[in-house]
Amino acid sequence: MPPPLARGGGGGDDGEAWRRWAVLVSTVWIQALTGTNFDFSAYSSALKSSLGISQEALNCLATASDLGKAFGWSSGLALLYMPLHGVLMVSAALGLAAYAAQYCCLLFLNPSSAAGSSFVIPYPLVFLICLIAGCSICWFNTVCFVLCIRSFSASNRPLALSLSISFNGLSAAFYTLFANAFSPTSPSVYLLLNAVLPLAASILALPAILLCHTQDSNLQSVPRYDRRVFLGLYILAFITGIYLVVFGSFTTTGSAAWVILTGAMVLLALPLIIPACSSCSYVDTHSIDSASPLNHDDPHKPLLVSNNLQNESNAVTEKTMEQQVQRTSCGTILDKGRLVVLGEEHSAKRLIGCVDFWLYYTAYFCGATVGLVYSNNLGQIAQSLHQQSQLTMLLAVYSSFSFFGRLLSALPDLLHSWKVSFARTGWLAAALVPMPMAFFLMWKQQDGSTLVVGTALIGLSSGFIFAAAVSVTSELFGPNSIGVNHNILITNIPLGSLLYGQIAALVYDANGQRMTVTDNRTGIIDTMIVCMGMKCYSTTFFVWGCITFLGLASSMVLFIRTKPAYASTAASRSSCKHPTKFPVNRETP
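Residues numbered from 1 in each chain as written. Predicted model: local features only at pLDDT ≥ 70, side-chain atom pairs only at ≥ 80, totals over all residues. Heavy atoms only, no water.

A. A look at the overall build of the protein chain. Counting secondary structure elements, the protein chain contains 26 helices and 4 strands. A burial count over the protein chain gives 55% of its 589 residues as buried. Within the protein chain, contacts between residues at least 6 apart in sequence are counted, and of these 82% link residues at least 24 apart. Only carbon and sulfur atoms are counted for the fraction: they give 66% of the accessible area of the protein chain, which is about 24700 Å². (Helix = DSSP H or I, 4+ residues; strand = E, 2+ residues; numbered from the N terminus. Buried < 20%, exposed > 50% of the residue type's maximum accessible area, 1.4 Å probe, protein only. Contact = heavy atoms within 4.5 Å. Areas by Shrake-Rupley, 256 points an atom, 1.4 Å probe, with all protein chains shown as cover.)

B. Fine view of the nonpolar core. Membership of the largest hydrophobic core comes to 73 residues, with the highest contact counts inside it found for Leu24, Leu61, Leu163, Phe167, Phe174, Phe230 and Leu244. In contact with Phe167, not counting residues within four places along its chain, are Val28, Gln31, Ala32, Ala237, Thr240, Leu268 and Phe403. Counting 61 residues, the second largest nonpolar core, distinct from the first, contains Phe357, Phe365, Val373 and Ile488. (Core = buried A, V, L, I, M, F, W, Y, C linked by side-chain atoms within 4.5 Å.)

C. Seen up close, the side chain of Thr240. Structurally, Thr240 can be placed in helix α10 (residues 226-248). A residue is classified by how much of its surface remains accessible, and Thr240, at 2% relative accessible area, is buried. If sequence neighbours within four positions are ignored, Thr240 has contacts with Phe167, Phe174 and Leu267.

D. Expanded view of the environment of Ala57. Relative to the helices and strands, Ala57 resides in helix α3 (residues 55-67). For the pair formed by Ala57 and Phe127, sequence separation is 70 residues and the distance between their alpha carbons is 9.5 Å.

Now the structure itself:
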């Protein structure tokens, strides 16, 4: 018998809906204020002079933050022994400690400050601090992923994930507005904000997270107005993105900065109002989720719905697929060991031995990760092409198109509601198409307009993949295991950051000249290699273009291999509408 909250219209249903939306808005707040690795360039020069390190050592600190993602799988293990709110607060504590330590480096070790000191912090300790900061970001992300998976049905889950992840791309813009309001001339304010704001967002989101059930008994029943709410939330997200891109691309001070910051906070709070307005017109009780089966949930697996009907239909589909493989001459190449059904749980050991996972890993490693490294090098790319004055605009272009790419990752689910169905791995392959085009375009022609177009294409492509990857991981390898599996996937980010960054550095140094540079703020004289002209990144763009083309090829093979699994899932959904085709056990497990 269904619980009281799921029986019909009325206050119970409204309360259940509000619980889901409150959890979703909480993840939006967390994601918007925990992308602390995106503002590294704002304080990196000050950190370099305070620690008295070289440019190469500073680049290693930037890599350390990405290297923290290699330990993000620990958050999935923590969820096995700790509640969600416990993992969230541990994440906030890690970030607070790591960024507060870096803030102290700027505050007390800066030779130009009155509080300057001769005390020297060992470089390995600073490296470890940056690594912990990067790890805390992964823990925040895992909490948000699990919250969306537990709170929404299979059909609405990708929409919730995409919306939440999209706001992470706007973190740098939010931090810029906060810094402009509090202390626009102090680089150290970014580190203080990195330490405090994630903790504040966690405390603010804590009440809603405490309401999140370990098992949502109503995941299969979806109020019919949910899609209207999601549409309203996505429209509001688009407006928020435009607002932050426009007002975050230039520096404001005084009362104007506070007015702009207040407007951004109002836009961030508005998502709570849209579900309330929609629920006022709520009449129907619930409609069965088309992506969920008709039988009861397994009480031991709160995130994954299982039933006899699905098992029998999957068995029939698997047998049919095996027959097709035997008839296909290239079956040994494209069909051997491929996924048969979606959502089947994969342990870490099974994941590592799965061919489809490594195709997926290669597509991410040779796609979105290259885009991330490109954004980290955008400052020197602009400088080498005499576009230094356009750097703020280029950063805004990358940030905005990355954000809109993340929003577009929800397109497959919106089109599915209009009876347009296409495998999500196919969308992943399509999203990778613009990236090699952009790099080959910039390899052939490097001017201001080409740089802007290439940056926009790379941001759009990488943003789509960053957001869609969570849903793809959940669909291919099981929603219950996403805490560990997705963090195994993103270990490619620190590897790519090191490899692709090293390629760019070698080409840059080989074509550059050593120059003496004086820091006007600190008076410190340093020597560094400076490269000017197309030769600085031309070879790098060609190599990156070839690498992303490999990622595109890998994603296309993944699409071909997983397409039958998506087709079998669609067939099982269709058979659920006609339960008499298969015998169904209606007994409660």
